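Coordinate inspection notes
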Amino acid sequence: METYYYIVESIDGDYANLRRTDVETSELKLVARALLPDGIAEGTQLKYEMFEYSIV
């Protein structure tokens, strides 16, 4: 499994917009907040590994 790194760009209700930081891209990934760890805020750095998000 690969590991991906994201930063929370914005939070909109029950969803968060994530931007990958390990590769150059301008696309945002929309993820349900229920899949993200508690305590996230705009600017939080996340790691996605083994189908799970964790705060870096």
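Shown above is the structure to which this text applies.
We now turn to the structure provided with this report. Every value quoted in this text rests on a predicted model; they were computed, and no experiment measured them.

What counts, and at which threshold
Residues numbered from 1 in each chain as written. Predicted model: local features only at pLDDT ≥ 70, side-chain atom pairs only at ≥ 80, totals over all residues. Heavy atoms only, no water. Helix = DSSP H or I, 4+ residues; strand = E, 2+ residues; numbered from the N terminus. Rg over C-alpha atoms; globule rule 2.2 N^0.38 Å. Buried < 20%, exposed > 50% of the residue type's maximum accessible area, 1.4 Å probe, protein only. Contact = heavy atoms within 4.5 Å. Areas by Shrake-Rupley, 256 points an atom, 1.4 Å probe, with all protein chains shown as cover. Lys, Arg positive; Asp, Glu negative; His and termini not counted. Charge placed at Lys NZ, Arg CZ, Asp CG, Glu CD. Salt bridge = Lys/Arg side-chain N within 4 Å of Asp/Glu carboxyl O.

Turning next to the overall build of the chain. Summing up its helical and strand segments, the chain has zero helices and five strands in all. Secondary structure elements of the chain, listed N to C terminal, follow the sequence β-β-β-β-β. By the compact-globule yardstick of 10 Å for 56 residues, the chain fits well, its C-alpha radius of gyration being 10 Å. Principal-axis analysis of the C-alpha atoms places the extent of the chain at approximately 30 × 25 × 15 Å. With 56 residues in all, the chain has 21% of them scored as buried. In the chain, the proportion of contacts linking residues at least 24 apart, taken out of those at least 6 apart, comes to 33%. With an accessible surface of roughly 4,000 Å², the chain has 46% of that area assigned to carbon and sulfur atoms. Averaging the locations of the 5 positively and 11 negatively charged side chains of the chain gives two centres separated by 2 Å.

In this section: the environment of G43. Tracing the sequence through the fold places G43 in the loop between β3 (28–32) and β4 (45–49). Using a relative accessible area of 42% as the deciding quantity, one classes G43 as partly exposed. Here the alpha-carbon distance between G43 and V56, two residues 13 residues apart in the chain, equals 11 Å. In this structure G43 touches I7 and V8, once residues within four positions along its chain are discounted.

So, on to the pattern of salt bridges. If you walk through the whole model with that rule in mind, you get three salt bridges. Taking the shortest distance from any N to any O, the salt bridge between E9 and R19 comes out at 3.2 Å. Here E9, found in strand β1 (residues 4–12), pairs with R19, found in strand β2 (residues 15–20); they are 10 residues apart in sequence, far enough to count as distant. Owing to a relative accessible area of 34%, E9 belongs among the partly exposed residues under this scheme. Linking E49 and K47 is a salt bridge whose minimum nitrogen-to-oxygen distance equals 3.5 Å. Residue E49 is classed as partly exposed on the basis of its relative accessible area, which comes to 32%. Exposure remark for K47: the relative accessible area of 25% places this residue in the partly exposed category.

In short, shape yes, function no, at least from these values alone.
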